[in-house]
Amino acid sequence: MEHIAALLFVVGCSSTMADCRELEVPVSVFETAQACVAERPFALGDLQGQAPRIIGKCLAVDPALEDDYDRIVWNVRPDGTLAASLEVSGMLVASNGERSEKDYVRQQ
């Protein structure tokens with residue numbers, strides 16, 4: 001099984017950087033951080049024209065949390081830099097595999 005070491009995250013912004021949105025890239029996951037960094041300029045070049053300003057960042061993936069990440073938290077700062085990170089939302093779902101029969105109290 002391949003492990004993911006990095007994720008390429010790209011956003012497109014208006015010329016004033018006031019409005020930004022996530023952009024899809026053809027390949028977004030990489031086995032090494034170096035592969036992500038090497039692909040980044042080509043991916044950004046392929047997205048030219050989809051927004052006046054395009055910013056991309058390679059995000060490190062912790063192999064222990066690879067299957068647990070469920071959101072990307074990001075912000076474009078006023079100076080045009082992208083702050084982004086992969087996070088686990090912290091939502092915990094619990095269930096009990098054993099189901100006992102319900103005891104009903106009868107009222108007479």
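Residues numbered from 1 in each chain as written. Predicted model: local features only at pLDDT ≥ 70, side-chain atom pairs only at ≥ 80, totals over all residues. Heavy atoms only, no water.

A. How the structure looks around the pattern of salt bridges. Enumeration according to the criterion identifies 1 salt bridge in this entry. A salt bridge links Arg 71 to Glu 87, with the nearest nitrogen and oxygen atoms 3.3 Å apart. A residue pair is termed long-range when its members are at least 10 positions apart, and Arg 71 in strand 5 (residues 71–76) and Glu 87 in strand 6 (residues 82–87) qualify at 16 residues. Owing to a relative accessible area of 40%, Arg 71 belongs among the partly exposed residues under this scheme. Relative accessible area serves as the criterion here: at 27%, Glu 87 is assigned to the partly exposed category. (Salt bridge = Lys/Arg side-chain N within 4 Å of Asp/Glu carboxyl O. Helix = DSSP H or I, 4+ residues; strand = E, 2+ residues; numbered from the N terminus. Buried < 20%, exposed > 50% of the residue type's maximum accessible area, 1.4 Å probe, protein only.)

B. The arrangement of the packing of aromatic side chains in detail. Enumeration over the complete set of coordinates arrives at 1 aromatic pair. When the centroid spacing of 5.8 Å and the interplanar angle of 55° are considered together, the rings of Phe 9 and Trp 74 count as tilted. Here the residue Phe 9 occupies a position in strand 1 (residues 6–13), and Trp 74 occupies one in strand 5, the gap between them amounting to 65 residues. A residue is classified by how much of its surface remains accessible, and Trp 74, at 26% relative accessible area, is partly exposed. (Phe/Tyr/Trp six-rings, centres within 6.5 Å; stacked < 30°, edge-to-face > 60°.)

C. Seen up close, the pairing of strand 2 (residues 20–23). Where strand 1 lies against strand 2, 4 bridges are found, and the strand directions are antiparallel. Each residue of the ladder has a partner; that of Cys 13, found in strand 2, is Cys 20. In this antiparallel pair of consecutive strands, strand 1 and strand 2, the connection spans 6 residues, and Met 17 shows a positive phi of 65°. (Pairing = 2+ DSSP bridges.)

D. The arrangement of the state of the cysteines in detail. Inspection of every chain in the model, using the stated rule, returns 2 disulfides. For Cys 36, the disulfide goes to Cys 58, at an S-S distance of 2.1 Å. Where Cys 36 bonds to Cys 58 through sulfur, the torsion about that S-S bond is close to -100°, and the disulfide is left-handed. Pair noted here: Cys 36 is in helix 1 (residues 33–46) and Cys 58 is in strand 4 (residues 53–60), with a separation of 22 residues, a long-range link. Along the protein, the cysteines engaged in disulfide bonds are linked according to the scheme 1-2, 3-4 when indexed in sequence order. (Disulfide = S-S within 2.5 Å.)

E. Structural view of the environment of Glu 31. Following the sequence through the fold, Glu 31 ends up in the loop between strand 3 (29–30) and helix 1. In the structure, Glu 31 is positioned 28 residues away from His 3 in sequence and 6.0 Å away in space, judged by C-alpha atoms.

F. A look at helix 1. Look at helix 1: 20 Å from first C-alpha to last across 14 residues, which is about the 20 Å you get at 1.5 Å a residue. Arg 40 marks the point of greatest bend in helix 1, at about 35°, and the proline Pro 41 comes within the next four residues. Among all positions of helix 1, only Cys 36, Ala 43 and Leu 44 are buried. (Expected span 1.5 Å × (residues − 1). Bend = angle between axes of the 7 residues up to and from the residue.)

G. Seen up close, the environment of Ala 51. Take Ala 51: it is sitting in the loop between helix 1 and strand 4. The class of Ala 51 is buried, set by a relative accessible area of 12%. With sequence-adjacent residues up to four places away left out, Ala 51 is seen in contact with Gly 12 and Cys 13. (Contact = heavy atoms within 4.5 Å.)

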